[in-house]
Amino acid sequence: MFETIVDVLRRINRLIALIVGAVLALTVLFILADITLRQFGHSFGGSDEVSGYVMAFVASWGLSFALLELAHVRIDLLRLKLAQTGRSILDLIAISATAAVTTVVAWQCWPVLAKSLERGSRANTPLETPLWIPQSIWFSGWVWFATASVLLLICAFGMLAQRQQSQFENAVGTATETEI
Amino acid sequence: QAEELSVVGSWSSLPLYKQYEAPFWTETLPGAEGSDFEVSMTTFDQMGIAGGDVYRMLGDGVFDVGMTVADYTVGDAPELEGLDVPLVATTADDARKMVDAARPMVEDIMKERFNAKLLAIAPYPPQVVFCKDEVSSLDDLKGKKIRGSGRMTTKLLEALGAEGINVAFSEVPGALERGGVDCAVTGAGSGYSAGWWEVSSHLMTLPLGGWDPVVTAMNMDKWESLSDEQKEMLQTQLTEKFEAPAWDAAAGALESDIACLTGNGECAAGEAASMTLVEPTEADTQQARKILEETVLPEWAERAGSDWAKRWNESVGKTVGVQVPL
Amino acid sequence: MIWSVSISLLGLLTLSIPVGIVLFILGFGIDQFFSPFPLIRGLGQVVWSSSNSSTLIAIPFFVLLGEILVRGGVAERTYASLDKWFSWLPGGLVHANIGTATMFSATSGSSVATAATVATVAMPQAEKLGYDPRLFSGAIAAGGTLGILIPPSINLIVYGFLTETSIPQLFLAGLIPGLLMAVAFMAITALICWFKPSLGGSSRSFTWGERVSSLRQLVPIILLFVVVIGSIYAGWATPTESAAVGVFMALLIALANGGVNMEMLRHSALGTVRITAMIMLVIIGAYFLNFTMASAGLGRELTSLLENSGLSPLGTLFLVILLYIILGFFIETLSLMVATIPIVVPIMAGLGYDKVWFGVLMIVLVEMALITPPVGLNLYVVQGSRKSGTLGEVMVGAMPYVLVMLAMVGFLILFPGLALFLPAAL
Ligand code: NA
Ligand code: NA
């Protein structure tokens, strides 16, 4: 069952990553269109501002994908010197720390959005973008990252309890082969 | 027992911080007679936080005292735009009167929006206009691409028929040179030291970008935890030893910065450039007021709400002789 | 404070907790033990403003550009061509790594993206041809750092923004030192392999005919350079926007090569998001750590260290260099720059050092930070693209190149004209 959960998480995150990639590509086109228009004395205005929002989107919704692909950097100098039990303990520490920290961060990101909602804050730019729009997209990305981390932590414990060593390493170990 | 204050200053590279904020908080205040304040100071740029986030964090008690350009934070409090309306104050004296008239409003805004106590308002040097081609009046800005900062300035540029363009400070000389922008707004002193005079020829001393006042405020809970003597001492010291000298210097600074840029007069900062000075005419002033009253201020009243606009009319508006039609 | 942070950092990293997560934990620790204020309440705001950045979006753009070049076959051909030119040197293919990294640096503003691009094409060859994995991967990590010295450069953009220095001038200033450093990287590689031939593979030689005819494989990458840099100097695009221009151009080139299909686009998108997310977790964590350290008085410690040192201008310069070398071991480079530039640059400018020159010097120091353990993004990225072996091997392999960078720092001090000649001449 735990293996299935990890598998499903992985598939959802790949789909998310594709969407993130597509949005990046659209932003490239948007900037190019703006550059082209500028040559003729026009401009959409605010391509700078929009790029910032896209970056916030990329830097929150992409995180859980990297987690499931085991791409977040871990220094494995000690880990590789240990026997299997030691490695598993380190892997558990790593995923526990990740789950705890991402939960705290997601929790602390809420007040940012809450303040913008409460004050009706708008970007200090000619576009006057209501900040709750980009911030709720960004915030939900962190919530998803925290959720995925916690689910992964639960699965890791479950797999260990059921002595599914290879599935465990596949889920929370370090990447030996990244194939995407 | 010492009262510890954690203070966050404004841009660490600018004279306001170096000459007034840092010396006041780290030397003057702790060293004042009978002072029990101990200060640890940093700036928002050194902390890697956005200037517009300073009051959000101040309200949360992340530090005790915060300083930032009021214009940066109008995303959270559009009514604060009323503190720095462009073009209505052409001299440091007028600007000071404008700020004094706005003070009770700012006091309330800081309290209601940011859970903070207003302590002081100090000016950045007035924002002037560098143009690469000849300009002689406000009308000449029509159709030009202008780098401005601040929402109200951009709106004003649009109302003048110019196009407001967002360019980072360091990219302005290149943009002027290659025609990315025709004119750019910044403080006269910053423009001189960054060499903008090398790529532009005309200097308009109209404060198109306002005065960018920097508001100093304290977290309200911290303020209320202070004794009456402490409050009194802090406020007096700030007003007399920080706010007043900063304002006094602003008037002289503009004069010497313009001398440096145009070559008319004494330039203490180095070799003077030879830009052509374009001073505002009576017609310019009239036109500026007209545009403010017809377009820019009514739009602001919509953003901020008519209660604030009314209050502005009765205070700042009266002082500078401009009214928001309601 | 700096010492307790460094020791905790080492401890937590050894436990193999993800680097980005470790930086957050250290930030919580400083909040807890070194600050009377609830700094954690600023966490959300710091995460938001460090991610909501129209400058940093150049990172995913440059990564995407690299992915398209790799998966569209352009990178492989560039590599093969440079192989023909440089493999006769002692060290063989290692020189092609450096050469390819240099060429990509001229189209990419990100060291990490450059290293990732070169690693993806080069790494399979190392295993096939029996190279020492240490030197081979170290050369990629080090060569990749040129990405921020040879224009375009995200880090120079950040420096220009924070110090109000002209970015096009900074770009010009980085060019000669960048190329010189590439040559020096090759020189030390040849030297090492000359003394210890077992570290390099067999040297191979090609005929001049083969070499010359391979030159046309370099046309796409040169074209890309001309378009990216040209768009900045022609005033069409801002330095950040030029990254988007580069992505589009790379796609056109890959299309012309017949290397574009749905599968390739899918892989490029996934690769870009994976690498960007990996980098951004570290950067966001570093911003938060920097925020807590600044609140707890890091700035004061630095300022008083520099101002009360009683040293001559040259002495202060050496102190600053030493400081960056030490901080560079532990701190991620972008946040290192954000934390120190507002303190260090005004002091150095006050002592009479040119801001453009100092920017280039700082970039060389920051490049060093990218390949010194324990926190070195380029080391991580190269290791991430390997199929076997440890991070330690990459660290060891990068060491000789750290020495080259130190030498480069010396050269810049002795001959400031290396950086200042081009900006003054053009
Ligand atoms: Na580059
Ligand atoms: Na390092």
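Just above sits the structure.
Fair warning: this is a prediction, and the values are worked out from it, not measured in the lab.

I'd love a proper account of the overall build of chain A, names of residues and values included.
Per the secondary structure count, chain A includes 6 helices and 0 strands. Scanning chain A from its N terminus toward the C terminus, one meets helices and strands in the order α-α-α-α-α-α. Compactness check: chain A gives a C-alpha radius of gyration of 20 Å against a globular reference of 16 Å for 180 residues, more than 25% above the reference. Going through the 180 residues of chain A one by one, you find that 52% of them count as buried. Looking at chain A alone, contacts between residues at least 24 apart form 73% of all its contacts between residues at least 6 apart. When the accessible surface of chain A is split by element, carbon and sulfur atoms take 67% of a total near 7,900 Å². When the 12 basic and 13 acidic side-chain charges of chain A are each reduced to a single mean position, those positions are 6 Å apart.

Report on the nonpolar core, specifying residues and quantitative values.
Judged by nonpolar contacts, the single largest core of 291 residues is most densely connected at A:Trp142, B:Leu141, C:Phe24, C:Phe136, C:Phe358, C:Tyr380 and C:Tyr401. Here this core takes 19 residues from helix H14 (residues 262-295) of chain C, the largest share from any one element. Setting aside its immediate chain neighbours within four residues, C:Phe24 contacts A:Val101, A:Val105, A:Trp142, C:Leu43, C:Val47, C:Leu281, C:Ile284, C:Gly285 and C:Phe288. B:Leu16, B:Tyr20, B:Trp223 and B:Leu226 belong to the second-largest nonpolar core, a separate cluster that totals 31 residues.

So what's going on with the interface of chain C and chain A? Residues and values would help.
Taken together, the contacts link 55 residues of chain C with 61 residues of chain A. Overall, the association of chain C and chain A removes approximately 5,100 Å² of surface from exposure, summing both partners, and the carbon and sulfur fraction of that is 77%. When the buried surface of chain C facing chain A is broken down by residue, C:Trp48, C:Leu270 and C:Arg274 rank first, second and third, together holding 14% of it. At the junction of chain C and chain A, the tally comes to 0 salt bridges. Connecting chain C to chain A are 4 residue pairs in polar contact (both at pLDDT 80 or more). Residue assignment for the side of chain C that touches chain A shows that the elements contributing at least two residues are helix H1 (2-14), helix H2 (19-33), helix H3 (43-51), helix H4 (58-71), helix H13 (241-256), H14, helix H19 (377-384) and helix H20 (391-414) of chain C.

Explain the coordination of the sodium ion (ligand 2) residue by residue, including any values.
Residues and elements named next belong to chain C. Coordination of the sodium ion (ligand 2) by the protein comes from Gly 328 (O), Ala 369 (O), Thr 372 (O), Thr 372 (OG1) and Val 375 (O), over a distance range of 2.3 to 2.7 Å. Within one chain, the residues serving as donors to the sodium ion (ligand 2) are arranged as G-x40-A-x2-T-x2-V. You can see Gly 328 sitting in helix H16 (residues 313-330) and its partner Val 375 sitting in the loop between helix H18 (355-371) and H19, a full 47 residues away along the chain. Each member of the pair, Gly 328 together with Val 375, is buried.

Which residues make up the environment of C:Phe288, and what are the values?
Residue and element names in this part refer to chain C. With respect to the helices, strands and loops of the structure, Phe 288 is situated in helix H14. Judged by relative accessible area, which is 0%, Phe 288 ranks as buried. Expressed as a C-alpha distance, the spacing of Phe 288 and Leu 43, which sit 245 residues apart in the sequence, is 6.6 Å. If we skip the residues at most four places from it in the chain, Phe 288 touches Phe 24, Gly 27, Phe 28, Leu 43 and Val 46.

So what's going on with helix H2 (residues 47-61) of chain A? Which residues, and what values?
Counted at 1.5 Å a residue, the expected span for H2(A) with its 15 residues is 21 Å, and the 21 Å between its end C-alpha atoms agrees. Burial analysis of H2(A) places 13 of its 15 residues in the buried class, which makes it a mostly covered element.

Quick one: what's the story with the interface of chain B and chain A, residue by residue and with numbers?
Contacts between chain B and chain A engage 17 residues on the former and 14 residues on the latter. Between chain B and chain A, roughly 1,200 Å² of surface is buried when both sides are summed, and carbon and sulfur atoms account for 35% of that area. The largest share of the area that chain B buries against chain A comes from B:Arg56, B:Arg113 and B:Arg151, three residues that together contribute 42% of it. The interface formed by chain B and chain A includes 4 salt bridges. For the salt bridge of A:Lys115 with B:Asp60, the shortest nitrogen-to-oxygen distance reads 2.6 Å. Counting only elements with at least two residues in the side of chain B that touches chain A, the list comes to helix H3 (92-114) and helix H4 (151-159) of chain B. In terms of residue count, H4(B) provides more of the side of chain B that touches chain A than any other element does, 4 residues in total. Classifying every residue of the side of chain B that touches chain A by side-chain character gives 3 nonpolar, 4 polar and 10 charged.

Can you lay out the packing of aromatic side chains for me, pointing to particular residues and giving the numbers?
Residue and element names in this part refer to chain B. Counted by the stated rule, this structure contains 22 aromatic pairs over all chains. Their ring planes at 70° and their centres at 6.0 Å tell us that Trp 300 and Trp 312 sit as a pair that is edge-to-face. Taken together, the residues Trp 300 in helix H9 (residues 282-304) and Trp 312 in helix H10 (residues 306-320) connect sequence positions 12 residues apart. Assessed through its relative accessible area of 0%, Trp 312 is described here as buried.

Mind laying out the coordination of the sodium ion (ligand 1), listing which residues take part and the relevant values?
Residues and elements named next belong to chain C. Every protein donor of the sodium ion (ligand 1) is listed here as Ser 105 (O), Ser 108 (O), Gly 147 (O), Ile 150 (O) and Pro 152 (O), and their distances to the metal cover 2.2 to 2.3 Å. Here the donor residues of the sodium ion (ligand 1) share one chain and are spaced in sequence as S-x2-S-x38-G-x2-I-x1-P. With Ser 105 in helix H6 (residues 93-105) and Pro 152 in the loop between helix H8 (133-145) and helix H9 (154-163), the pair connects residues that are 47 residues apart, well separated along the chain. The pair Ser 105 / Pro 152 is uniform in exposure class, with both members buried.

Pulling in residues and values, what's your account of the state of the cysteines?
All names here are of chain B. Enumeration according to the criterion identifies 2 disulfides over all chains in this entry. Here Cys 131 engages in a disulfide with Cys 183; their sulfurs sit 2.0 Å apart. Where Cys 131 bonds to Cys 183 through sulfur, the torsion about that S-S bond is close to 105°, and the disulfide is right-handed. With Cys 131 in strand S5 (residues 127-131) and Cys 183 in strand S8 (residues 183-187), this pair connects stretches of sequence that are 52 residues apart. A disulfide bridge connects Cys 260 with Cys 267, and the sulfur atoms are separated by 2.0 Å. An S-S torsion of about 95° defines the bridge between Cys 260 and Cys 267 as right-handed.

Provide a residue-level description of unusual backbone geometry, including the pertinent values.
Cis geometry is adopted by the peptide bond preceding C:Pro152, which originates at C:Pro151 and carries an omega value of -5°. Across the junction of C:Pro373 and C:Pro374, the peptide omega takes the value 0°, indicating a cis bond. Positionally, C:Pro374 belongs in the loop between H18 and H19. Despite not being glycine, A:Glu128 shows a phi value in the positive range, around 50°.

An account of the sheet that holds strand S6 (residues 145-147) of chain B is needed here, citing residue identities and associated values.
Residue and element names in this part refer to chain B. What the 6 strands build is an open sheet, ordered S7-S6-S8-S5-S9-S11; its pairing is mixed. Unpaired on one side and paired on the other, strand S7 (163-165) and strand S11 (276-278) mark the two borders of the sheet. Within the sheet, the average angular offset between the axes of one strand and its neighbour, ignoring direction, is 30°. Across 3 bridges, the pairing between S6 and S7 is parallel. In the strand pairing of S7, Arg 147 is matched with Ile 165. Relative to strand S9 (residues 202-204), helix H8 (residues 228-262) is tilted by about 165°, and along the sheet it contacts S5, S9 and S11.

Describe the pattern of salt bridges, naming the residues involved and giving the relevant values.
Under the defined criterion, the tally for this structure stands at 22 salt bridges over all chains. Linking B:Arg96 and B:Asp248 is a salt bridge whose minimum nitrogen-to-oxygen distance equals 3.2 Å. Of this pair, B:Arg96 sits in helix H3 while B:Asp248 sits in helix H8, placing them 152 residues apart in sequence. Owing to a relative accessible area of 28%, B:Arg96 belongs among the partly exposed residues under this scheme. Among the ionic contacts, a cluster of salt bridges with common partners joins A:Glu128, B:Glu81, B:Lys155 and B:Arg303.

Hey, could you go over the sheet that holds strand S4 (residues 116-122) of chain B for me, with residue numbers and the actual values?
Residue and element names in this part refer to chain B. The strand order across the open sheet formed by 5 strands is S2-S1-S3-S10-S4, and the pairing between neighbours is mixed. On the outer flanks of this sheet lie strand S2 (37-43) and S4, each paired with one strand and no other. Direction aside, neighbouring strands of the sheet carry axes that sit 20° apart on average. Bridging between S4 and strand S10 (residues 214-219) involves 6 bridges; their strand directions are antiparallel. Paired with Ala 120 across the strands is Thr 216, a residue of S10. Seen against the sheet, H3 touches S4 and S10 and runs at an angle of roughly 145° to S4.

Before we move on, can you summarise the pairing of S10(B) with the specific residues and values?
Residue and element names in this part refer to chain B. For S10, the tally of buried residues reaches 6 of 6 residues, placing the bulk of the element in the interior. Relative to S10, strand S3 (residues 65-69) runs antiparallel, the two being bridged by 5 bridges. Residue pairing across strands places Gly 66 opposite Ala 217, the latter belonging to S10.

About the cut-offs
- Residues numbered from 1 in each chain as written.
- Chains lettered and ligands numbered in written order.
- Predicted model: local features only at pLDDT ≥ 70, side-chain atom pairs only at ≥ 80, totals over all residues.
- Heavy atoms only, no water.
- Helix = DSSP H or I, 4+ residues; strand = E, 2+ residues; numbered from the N terminus.
- Rg over C-alpha atoms; globule rule 2.2 N^0.38 Å.
- Buried < 20%, exposed > 50% of the residue type's maximum accessible area, 1.4 Å probe, protein only.
- Contact = heavy atoms within 4.5 Å.
- Areas by Shrake-Rupley, 256 points an atom, 1.4 Å probe, with all protein chains shown as cover.
- Lys, Arg positive; Asp, Glu negative; His and termini not counted.
- Charge placed at Lys NZ, Arg CZ, Asp CG, Glu CD.
- Core = buried A, V, L, I, M, F, W, Y, C linked by side-chain atoms within 4.5 Å.
- Buried area = accessible area lost by both parts, 1.4 Å probe.
- Salt bridge = Lys/Arg side-chain N within 4 Å of Asp/Glu carboxyl O.
- Polar contact = N/O pair within 3.5 Å; in protein donor to acceptor, adjacent residues only side chain to side chain.
- Donors = N, O, S within 2.8 Å, 3.2 Å for Na, K, Ca; no water.
- Expected span 1.5 Å × (residues − 1).
- Nonpolar A, V, L, I, M, F, W, Y, C, P; charged D, E, K, R; others polar.
- Phe/Tyr/Trp six-rings, centres within 6.5 Å; stacked < 30°, edge-to-face > 60°.
- Disulfide = S-S within 2.5 Å.
- Pairing = 2+ DSSP bridges.
- Axes fitted to C-alpha atoms, helices over the stretch in contact; angles between N-to-C directions.

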